[in-house]
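# Per-entry structural report
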Amino acid sequence: MSQLQELYQEVVLEHTRRPRNFRKLEGATHSARGYNPFCGDNVTLLLKVEGGVVKDVGFQGSGCAISTSSASMMTEGIKGKTVEEAQKLFTAFHGMVTREQGADFDAELLGDLEILSGVSEFPTRVKCATLAWHALQAALTGRMDAVSTE
Ligand code: ZN
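Okay, so let's go over this structure. (Residues numbered from 1 in each chain as written. Predicted model: local features only at pLDDT ≥ 70, side-chain atom pairs only at ≥ 80, totals over all residues. Heavy atoms only, no water.)

## A closer look at the nonpolar core
Among soluble globular proteins, nonpolar side chains are generally buried collectively. Counting 39 residues, the largest nonpolar core has Leu45, Leu47, Ile78, Phe93, Leu113, Trp133 and Leu136 as its most contacted members. Listing elements by their share of this core, those giving two or more residues are α1 (3-17), β2 (41-50), β3 (53-62), α2 (65-78), α3 (83-98) and α5 (123-140). It is α5 that provides the largest number of residues to this core, a total of 11 residues. Other than its neighbours up to four places away in sequence, isoleucine 78 contacts Leu47, Val54, Val57, Ala86, Leu89 and Leu136. (Core = buried A, V, L, I, M, F, W, Y, C linked by side-chain atoms within 4.5 Å. Buried < 20%, exposed > 50% of the residue type's maximum accessible area, 1.4 Å probe, protein only. Helix = DSSP H or I, 4+ residues; strand = E, 2+ residues; numbered from the N terminus. Contact = heavy atoms within 4.5 Å.)

Okay, structure coming up:
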């Protein structure tokens, strides 16, 4: 196993065992639900946005290790960031796992999230990894209806 694979497993397992910000957030200003029918993952994302800054974030739901760890890492990544920065992070992450042509793949911006780049080789897992991110995008753009990765 390569070092990156080992690190990947370690980080994914750690976030699955102890997901960060896994709680019902009181006083949320934005929320969205996401569902991935291919795997059965579901996530409810709650955000508290004040003055254009993501002051707090929480998520709930159940899913596989990839969806849970990606959601957990995402909440850490966007907390305290401006809405604009959170959206940039979405674009960078989405570009990384889907390997979009000409995508804004900013490794520095992604930080620890780069560990999940390996899922780009498994198209079905990409839906797991991006589920919480699509919910984030839906929450930030104010679409209250549930999103599906389909
Ligand atoms: Zn999944």
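## Describing the coordination of the zinc ion
Listed as protein donors to the zinc ion are Cys39 (SG), Asp41 (OD), Asp41 (OD), Cys64 (SG) and Cys128 (SG); their distances from the metal cover 2.2 to 2.7 Å. In primary sequence terms, the donor set of the zinc ion follows C-x1-D-x22-C-x63-C. Owing to a relative accessible area of 1%, aspartate 41 belongs among the buried residues under this scheme. (Donors = N, O, S within 2.8 Å, 3.2 Å for Na, K, Ca; no water.)

## As for the pairing of β3
The sheet contact formed by β2 and β3 spans nine bridges and is antiparallel. For threonine 44, the partnering residue across the bridge sits in β3 and is glutamine 60. The turn linking β2 back onto β3 is made up of two residues, and glycine 51 within it adopts a positive phi angle of 60 degrees. (Pairing = 2+ DSSP bridges.)

## Considering α1
Here α1 contains 15 residues, and its C-alpha end-to-end distance of 21 Å stays within 8% of the 21 Å for a straight helix at 1.5 Å per residue. Residues of α1 that are buried: Val11, Val12 and His15. For α1, the angular spread of buried residues about the axis comes to 100 degrees, placing them on one side. For α1, the exposed residues lying more than 90 degrees away from the buried face are Gln3, Glu10 and Arg17. Among the structural elements, α2 are those in contact with the buried residues of α1. (Expected span 1.5 Å × (residues − 1). Arc of directions from axis to C-beta.)

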